[in-house]
Amino acid sequence: MSESSPRAISRRAYLMTFAWLVLLTLLTVGVSFVPLPGAWHYAIGLAVGRARRRWWCCSSCTR
Amino acid sequence: MNPNGQILTPAERDELSLTVLATHRLEEQYPSLEHQHETASLGMWLFLATEVLFFGVLFLGVGVYRHAYPVEFEKASERLNWVIGGVNTLVLLTSSLAMALAVHAAAGGRRGPLVGWLGLTAALGLVFLALKGLEYYLDYRENLIPGWRFDEGEWVSRDGLRPDQVAHVKLFLVFYWVMTGLHGLHVLIGIGVISTLLVLARRGAFSARSHAAVEVAGLYWHFVDVVWLFLLPTLYLLGTHRLGGG
């Protein structure tokens, strides 16, 4: 499989995904220090999970 | 034999060696390297599906008992070292990036970068295990090992829990040790696999057309990373934490 095959992902996409995952991890840890009602923690956790999923879909489409 | 009396010229020898290598890598049941590559990937995905079931049951268990004993689980979670857990998350994310770049280098047939990225991936895996070892030592010092080093009276006097609630703290800690221990074992296996690939890559065993082993090892390593991304909030970030609270 060569680099020019349709399955190849650019190096920039890897770096952007990495940066995005680090950002979401910091957000996840940061939110755990905010005194919010339990339901809000669930909502933010699900939003973070959805953001990870959406990023994965977007990066897959723009390979 | 050519006119100079040589059996093969250097160019012919190189070409033959590549042909032999490629033929050797293609197992007889596959019609092509691409087919063999796809089959290897499918096999790894099936294996990872069984791993999802394996870890999924443990996550489900934590979820069910966390719902049943929210106070005890949050008290116990506050005692875990979220700083080391957070730093380890960044270490594993970086190692996943290195592994992805290793697969990228293998797909491009670049041996030098492949060796470098595989080496960095394995090194970061070792950093993760070293930090995990430090965290386990601190847990030992903090009496957080049920059945071996655990002070029930401390949870009653310091955290205001009833003796029956302390049993639920122990339950959380058992989940913590089992889940992080099994994850650590997976990291250790991954380091072994990547180190083996590193040796093979240095010998030139992979090419742009034939690097299925690197790709499936990458799938495994990313899975190990993803499991940790779930372990961090599930075990370390329950309830509202306080800075300096451990």
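Residues numbered from 1 in each chain as written. Chains lettered and ligands numbered in written order. Predicted model: local features only at pLDDT ≥ 70, side-chain atom pairs only at ≥ 80, totals over all residues.

Colleague: Whenever I open this one, the overall build of chain B confuses me. Can you help?
Modeller: Helix and strand content of chain B: eight helices and two strands. The buried share of chain B, taken over its 246 residues, is 31%. Long-range pairs, those at least 24 residues apart, make up 78% of the contacts in chain B between residues at least 6 apart in sequence. (Helix = DSSP H or I, 4+ residues; strand = E, 2+ residues; numbered from the N terminus. Buried ≥ 20, exposed ≤ 12 C-beta atoms within 10 Å, placed from the backbone. Contact = placed C-beta atoms within 7 Å.)

Colleague: How should I be thinking about the overall build of chain A in this particular structure?
Modeller: Across its full length, chain A carries two helices and zero strands. A total of 63 residues make up chain A; the buried ones form 10% of that total.

Colleague: Can you help me understand the confidence of the model for chain B in this one?
Modeller: As a note on interpretation, predicted positions should not be read in detail where pLDDT is low. Residues of chain B with pLDDT of at least 70 account for 89%, and the chain-wide mean is 90. Scored as a complex, the prediction yields pTM 0.85 and ipTM 0.79. (pLDDT = per-residue confidence, 0-100.)

Colleague: Teacher, can you tell me more about unusual backbone geometry here?
Modeller: Glycine aside, residues mostly have negative phi, and peptide bonds are mostly found in the trans state. Positive phi, close to 60°, is recorded for Asn143 of chain B, a residue that is not glycine. Classification of Asn143 of chain B by C-beta neighbours within 10 Å gives partly exposed; the count is 15.

Colleague: Would you mind showing me how to read the nonpolar core here?
Modeller: One broad rule of soluble globular proteins: the nonpolar side chains tend to lie buried together. All names here are of chain B. Ala102, Ala106, Leu114, Leu118 and Phe172 are the most contacted members of the largest nonpolar core, which totals 55 residues. Secondary structure elements with two or more residues in this core: helix H3 (70-78), helix H4 (82-107), helix H5 (111-141), helix H7 (163-202) and helix H8 (212-236). Those residues within four positions of Ala102 in sequence are excluded, and the remaining contacts are Leu114, Trp117, Leu118, Thr121, Val214 and Gly218. (Core = buried A, V, L, I, M, F, W, Y, C linked by C-beta atoms within 7 Å.)

Colleague: What is the right way to read H4 of chain B from this model?
Modeller: Residue pairs three or four apart in sequence face the same way in an α-helix, which turns once every 3.6 residues. Residue and element names in this part refer to chain B. The end-to-end C-alpha separation of H4 is 37 Å, in line with the 38 Å expected for 26 residues at 1.5 Å each. For H4, the buried fraction is high: 19 of the 26 residues fall into the buried class. Just beyond H4, the residue with positive phi is Gly109, at close to 70°. (Expected span 1.5 Å × (residues − 1).)

Colleague: Please explain the packing of H4 of chain B against H5 of chain B as it appears in this structure.
Modeller: Any two packed helices are characterised by how steeply their axes cross, that is the angle between the axes, and by the distance between the axes. Residues and elements named next belong to chain B. It is at 8 Å that the axes of H4 and H5 come closest, and there the two elements cross at 165°. Here H5 runs roughly antiparallel to H4, going by the angle between their axes. For the pair H4 and H5, the sense of crossing is left-handed. (Axes fitted to C-alpha atoms, helices over the stretch in contact; angles between N-to-C directions. Parallel < 35°, antiparallel > 145°, perpendicular 65-115°, else oblique. Left-handed = near helix turned anticlockwise from the far one by under 90°.)

Colleague: Would you explain the environment of Leu138 of chain B in this entry?
Modeller: Within the secondary structure layout, Leu138 of chain B lies in helix H5. The class for Leu138 of chain B is partly exposed, based on 14 C-beta atoms found within 10 Å.

Colleague: Is there a simple way to explain the packing of H5 of chain B against H7 of chain B in this structure?
Modeller: Residues and elements named next belong to chain B. Contact pair H5 / H7: the axes reach a minimum separation of 9 Å and the direction vectors enclose 155°. Judged by the inter-axis angle, H5 sits roughly antiparallel to H7. The way H5 lies across H7 gives a crossing that is left-handed. Between H5 and H7, the residues in contact are Arg111, Leu114, Val115, Leu118, Gly119, Thr121, Ala122, Gly125, Leu126, Phe128, Leu129 and Lys132 and Gly184, Val187, Leu188, Gly190, Ile191, Ile194, Ser195, Leu197, Leu198, Ala201 and Arg202, respectively. Considered class by class, the residues forming the contact of H5 with H7 number 14 nonpolar, six polar and three charged. (Nonpolar A, V, L, I, M, F, W, Y, C, P; charged D, E, K, R; others polar.)

Colleague: Looking at this structure, how should I read the environment of Val193 of chain B?
Modeller: Residues and elements named next belong to chain B. Take Val193: it is sitting in helix H7. For Val193, a count of 16 C-beta atoms within 10 Å gives the class partly exposed. Sequence separation between Val193 and Gly63 is 130 residues; the distance between their C-alpha atoms is 32 Å. Once residues within four sequence positions are removed from consideration, Val193 is found in contact with Ala217 and Tyr220.

Colleague: Please explain H7 of chain B as it appears in this structure.
Modeller: Counted at 1.5 Å a residue, the expected span for H7 of chain B with its 40 residues is 58 Å, and the 58 Å between its end C-alpha atoms agrees. Taken from the residues just after H7 of chain B, Gly204 of chain B is the one with a positive phi, measuring 80°.

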